Amino acid sequence: MQQIYKLQQKAVIALLLVSLLASLAAGTIHAAEAKQDKAAAPRFTKEMGDALKRAEDVLANSKPFSDAAAVGFVKNGRAFPKGYLEEKADLIMAKKGQFDNVTDLVDTAISYMAAGGDINDIAGIDLQTLLLNYPDLENKDAEQLAQAFLISWYYSPYSISRNSYYPDLIYSAILSSQLKDGSWPDGNAKEGNVWTTARALTALGRQGDPEVDKMPNAGLAWLKSAQASDGGFDSSTATTAQVIIALSTLGDDAAAFTPSGQQPLNFLLSRQLPGGGFSEDGSSKVSAVATEQAYLALTAYKLFAEGKEGLYTDLNNRRSRQIWIQIEGPEGTIAEGRVPAGEPLETVTAFLKQAKIPYVLDENEHGFAFKSIGGIANGKFGGKDHWNAALLDWGSWFKLADGVISASLHGRERILIYYGNKSTPLINEIRTEWTDKQGNKSSGNPTAGEKFDLTFYKEGSPVATSGINVTINGQKLVTDKNGKVSVTGLPAGVYDVVVTGYRKNAAPSIAKQTLFLHVSSLELASFADQGKVAKWARNHISNALYAGLIKGVSSKPPMMLAPKDQLTRAEFVTMLMRMLHVAVDRQAKSGYSDVPTGKWYSGNIAKAAELGIIDSSKQKFEPNRAITRLEAAEMIVKAYAIPTFGTTSKLPFNDVSKLPLASQQAIQAVYEYQIMKGTDGAFNPHKSILREEVATVLMRVNELLTGMYVRVL
């Protein structure tokens, strides 16, 4: 019995040992699995980080700086060499955006974006638009198509160009060039190429389209078959780097890409030389291409491991533009002004804070809306009246749901915060109509002195509302039952038309708007001295006459235009304010001792000083002195916030180097946009500008800045 007990005891102990061993084994397996899971997570190691930093230092000291490395520098937060962005702009402007091949165009665009530039506007040059209109683009080889696709998405919201190609067409062309084995060929070759396949996969990864996952998967399968036993591809550092970039872009871990038993990252690191550069073929010779591509590969893997956006995403830097904000209360304008466009809610609230206007926000299901502004709360009149918001985009108003400030301001012209209700009309257009001497109905810009009818429109439909108050050039009018007013003859010019619908103890019947009416001067052929107008200025001066920006200097026949006469500073400011479509108050005080109130130019000068277009710190303005070319350039640049792009050293003028830097930059800005040009290697900054020159300059401003700024004519 005792023996049986001992045997049972041994059996129990044996079972306990087996159980313990099983538990230990299970623990070991679980630990191994945990270790394996941990290893499976992408990890950017210290060795990789050190290799990246050493390569980056090599590239930072390279002369000239590597364009290919630029995207890595911005993703790693490394400063660019001083003047690099401006030098790239010089190159783009010198070539006028025209590059010999797609590769050069794309490489330049990517490096320019990476350095902080906006490829949609380099002094009016839009590289993305040029790319999408590149001759025979869809028939380029797979690598060029892949490169093109990387930047095809960086479109401009300001562009009015009609493109020959669009990203989806380029995308389809990439897919159609894939071979049956999943690879992409080099040029017209019949077999797959590792470099080209990696570039194509990088482009597809940029798109991230789940519907075509089979395309990248087939490409990845082909790459696995092409991987060498040492983990590399084609015995090439640069080609292996391209594969790592592609894998990282697609969301695949390059460290786990080991069909041959070795992974490409180890192969890449083995090619780094003691000085930080990389060898292309395993020799002791540093290769610039291998170094920059290895640097980009390590950067791409770092971004992937850290869960960040890919190497070629979120690169473009759209330049900040100005937007006009208008706050309209139930009884009058609370505030208005021009500010840099940014995120909508932040832009409006920052403006209110700057103007010291209190406000309260309310959050609803759509986002944030204003509960009160300036002490005026929603429901002031006991009904459904409240604060509303709308955006003016290419001449059309877009009301925001429940007054929520939640739409992009890119490309917008104006934001309006107004007190009313959901049905409060927003006027966006005025139309004129008159009967000519032959009894025919005409429309467009009325000619000076003609009587005409004025009708107000919202989104293409007339606002047939009576009782709307209209003020034009001091005339106070009220719309009839058809929503029209009759206007007696006005002199040539640009007039602000103020429309209001204020009511006692009720929300306004219409949101206050200031629109602009152009009254044409006589045609160029009507002037006795029209033959004196330079040939190069005739079209521009004709357009300026039609727009009411310029008019004759005589009131009785013979009518004289005086194209070769000088223009005064007051006249130029007045023309500029007309161009800007800014409402002015003739009784406004400018602060200048030589600009009394009530003069024909007083309100324009006061408004220009308020907007910072002219220097308000000076005691005198000298309104009757002839304006110089430099002064005209400075005012235009300030009025439109026109930036500079390249280096001042590239200016082709021999008479500007001794001017203050700010003056040089103003000349640079108008020259880069070809708004103003010099003659015989000189800009002639202190020479008076003539009337025909001013008409030409202002028309160039309107033509060249259309789509990037608000078109005013």
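In this numbering scheme, every chain counts its residues from 1 along its sequence in written order. Restriction of local features to residues with pLDDT of at least 70 applies here, the model being predicted, together with a cutoff of 80 or more for giving and counting side-chain atom pairs; totals for whole chains, interfaces and linings are based on all residues. Based on all heavy atoms of the structure, the side-chain values leave hydrogens and waters out of the count.

Q: Can you help me understand the environment of Leu490 in this one?
A: The numbering of helices and of strands both runs from the N terminus, where a helix is a DSSP run of H or I of at least 4 residues and a strand a run of E of at least 2. Mapped onto the elements of the fold, Leu490 is located in the loop between β15 (484-487) and β16 (493-500). On the accessibility criterion, Leu490 (2% relative accessible area) is buried. Should any heavy atoms of two residues lie within 4.5 Å, those residues are counted as being in contact. Once residues within four sequence positions are removed from consideration, Leu490 is found in contact with Ala448, Gly449, Glu450, Phe452, Ile472, Asn473, Gln475, Tyr495, Leu517 and Val519. Relative accessible area decides the class of each residue, using a 1.4 Å probe on protein chains only: under 20% of the type maximum gives buried, over 50% gives exposed, and in between gives partly exposed.

Q: How should I be thinking about the packing of helix α16 (residues 569-580) against helix α18 (residues 629-640) in this particular structure?
A: Here α16 crosses α18 at 25°, and the two axes come no closer than 11 Å. Put simply, α16 runs roughly parallel to α18. α16 and α18 meet at a crossing whose hand is right-handed. Every residue of α18 that contacts α16 at Arg569, Phe572, Val573, Leu576, Met579 and Leu580 is listed here: Glu631, Ala632, Met635, Ile636, Ala639 and Tyr640. Each residue belonging to the contact of α16 with α18 can be placed in one class, and the counts come to 10 nonpolar, no polar and two charged. Angles here are taken between N-to-C directions and fall from 0 to 180 degrees, while the axes themselves are lines fitted to C-alpha atoms, restricted in helices to the stretch in contact. Here the word oblique covers every angle except those under 35 degrees (roughly parallel), over 145 (roughly antiparallel) and from 65 to 115 (roughly perpendicular). Each crossing gets its hand from how the near helix is turned against the far one by less than a right angle, where anticlockwise is left-handed and clockwise is right-handed. Amino acids are sorted into nonpolar (Ala, Val, Leu, Ile, Met, Phe, Trp, Tyr, Cys and Pro), charged (Asp, Glu, Lys and Arg) and polar (every other residue, Gly among them).

Q: Looking at this model, I keep getting lost on the packing of aromatic side chains. Mind explaining?
A: Ring pairs (aromatic) are described by centroid distance and by the angle formed between their planes. Think of it this way: a Phe, Tyr or Trp ring, Trp meaning its six-membered ring, pairs with another when their centres are within 6.5 Å, and the plane angle makes it stacked under 30 degrees, edge-to-face over 60, tilted otherwise. Taken as a whole and judged by the stated rule, the model has 18 aromatic pairs. Ring plane angle 85° and centroid distance 5.8 Å describe the contact between Tyr359 and Phe370, whose orientation is recorded as edge-to-face. Of this pair, Tyr359 sits in strand β3 (residues 359-364) while Phe370 sits in strand β4 (residues 367-373), and the two are 11 residues apart along the sequence. Assessed through its relative accessible area of 24%, Tyr359 is described here as partly exposed.

Q: Can you help me understand the confidence of the model for the protein chain in this one?
A: In low-pLDDT segments, the atomic positions of the prediction should not be examined closely. Values of pLDDT, which run from 0 to 100, indicate the predictor's confidence residue by residue. Taken as a whole, the protein chain shows an average pLDDT of 87; of its residues, 88% reach a score of 70 or greater. With pLDDT under 50 throughout, residues 208-212 is counted as low confidence; its partners more than four residues away or in other chains account for three contacts. Residue range residues 707-713 is modelled with pLDDT below 50. Its contacts to residues more than four positions away, or to other chains, number 28 contacts.

Q: Is there a simple way to think about the pattern of salt bridges in this case?
A: Oppositely charged side chains can pair when the atoms bearing their charge come close. For this analysis, a salt bridge means a side-chain nitrogen from Lys or Arg found within 4 Å of a carboxyl oxygen belonging to Asp or Glu. Taken as a whole and assessed by the stated rule, the structure comprises 13 salt bridges. With a closest N to O distance of 3.1 Å, Arg78 and Glu56 form a salt bridge. In this pair, Arg78 is assigned in the loop between α3 (70-76) and α4 (84-95) and Glu56 in helix α2 (residues 46-60), connecting sequence segments 22 residues apart. Overall, Arg78 belongs to the partly exposed group, its relative accessible area being 26%. For Glu56, a relative accessible area of 5% corresponds to the buried category. Between Arg431 and Glu429 there is a salt bridge, and its shortest N-O distance comes to 2.9 Å. Each of Lys53, Glu56, Asp57 and Arg78 takes part in a single network of salt bridges with overlapping partners.

Q: Would you take a moment to explain α18 for this structure?
A: Along an α-helix, a turn takes 3.6 residues, which lines up residues three or four apart on a common side. In this model, α18 (12 residues) spans 17 Å end to end at C-alpha, consistent with the 16 Å of a helix rising 1.5 Å per residue. Within α18, 10 of the 12 residues are buried, leaving the element largely enclosed by the surrounding structure. On the buried face of α18, the contacting elements are β2 (333-340), α16, α19 (661-672) and α20 (691-704). At the C-terminal side of α18, Ala641 shows a positive phi close to 50°. Helices are assigned an expected span. That span is 1.5 Å times one less than the residue count.

Q: So what exactly am I meant to see when it comes to unusual backbone geometry here?
A: Leaving glycine out, the prevailing phi sign among residues is negative, and the prevailing peptide bond configuration is trans. The peptide bond linking Lys63 to Pro64 adopts the cis configuration, its omega dihedral lying at -5°. As for its placement among the helices and strands, Pro64 is situated in the loop between α2 and α3. Note the cis peptide between Pro557 and Pro558, where omega equals -5°. Relative to the elements of secondary structure, Pro558 occurs in the loop between α15 (538-546) and α16. A positive phi angle, near 50°, is found at Glu459, a position not held by glycine. You can see Glu459 is positioned in the loop between β11 (452-458) and β12 (461-462). The exposure class of Glu459 is partly exposed, given its relative accessible area of 42%. If you check the backbone angles, Gln674 has positive phi at about 60° while not being a glycine. Overall, the relative accessible area of 33% leaves Gln674 in the partly exposed class.

Q: Help me understand the sheet that holds strand β17 (residues 513-519), please; the structure alone is not making it clear to me.
A: Pairing between the strands of a sheet is mediated by backbone hydrogen bonds and can be parallel or antiparallel. Pairing is antiparallel across the open sheet formed by four strands, whose spatial order is β14-β13-β16-β17. One side of each edge strand has no neighbouring strand; the edge strands of this open sheet are β14 (475-478) and β17. If you compare each strand with its neighbour and ignore which way they point, the axes differ by 25° on average. The pairing of strand β13 (residues 469-472) with β14 spans four bridges and is antiparallel. Looking at β14, one finds that Asn469 is bridged to Val478. The pairing criterion for strands is at least two bridges between them, as found by DSSP.

Q: Sorry if this is basic, but what is going on with the environment of Ala226 here?
A: In this structure, Ala226 sits in helix α10 (residues 214-226). Judged by its relative accessible area of 25%, Ala226 falls in the partly exposed class. If we ignore the near neighbours within four places in the chain, the residues touching Ala226 are Val194 and Phe233.

Q: Would you mind going over the sheet that holds strand β5 (residues 376-377) with me for this structure?
A: Ordered in space as β3-β4-β5, the three strands form an open sheet in which the pairing is antiparallel. Whereas interior strands pair on both sides, the edge strands pair on one side only; in this sheet they are β3 and β5. Where β4 meets β5, two bridges bridge the pair, whose relative direction is antiparallel. In the strand pairing of β5, Ile373 is matched with Ile376.

Q: What am I meant to see in the pairing of strand β1 (residues 322-328) here?
A: For a regular strand, side-chain orientation follows a simple rule: the groups alternate between the two sheet faces. In terms of residue burial, β1 counts as a mostly covered element, since six of its seven residues are buried. Judged from the seven bridges that link them, β1 and β2 form a sheet pairing that is antiparallel. Considered in β2, the bridge of Gln322 is made with Pro340. From the end of β1 to the start of β2, which pair antiparallel, there are four residues. Across five bridges, the pairing between β1 and strand β8 (residues 414-420) is parallel. Residue pairing in the sheet places Glu328 in a bridge with Tyr418 of β8.

Q: Where do I start with the environment of Met48 in this structure?
A: Tracing the backbone shows Met48 in helix α2. For Met48, a relative accessible area of 5% corresponds to the buried category. Along the chain, Met48 and Asn266 lie 218 residues apart, while their C-alpha atoms are 9.4 Å from each other. For Met48, the contacting residues outside a window of four places in its chain are Arg43, Leu265, Leu269, Leu298 and Tyr301.

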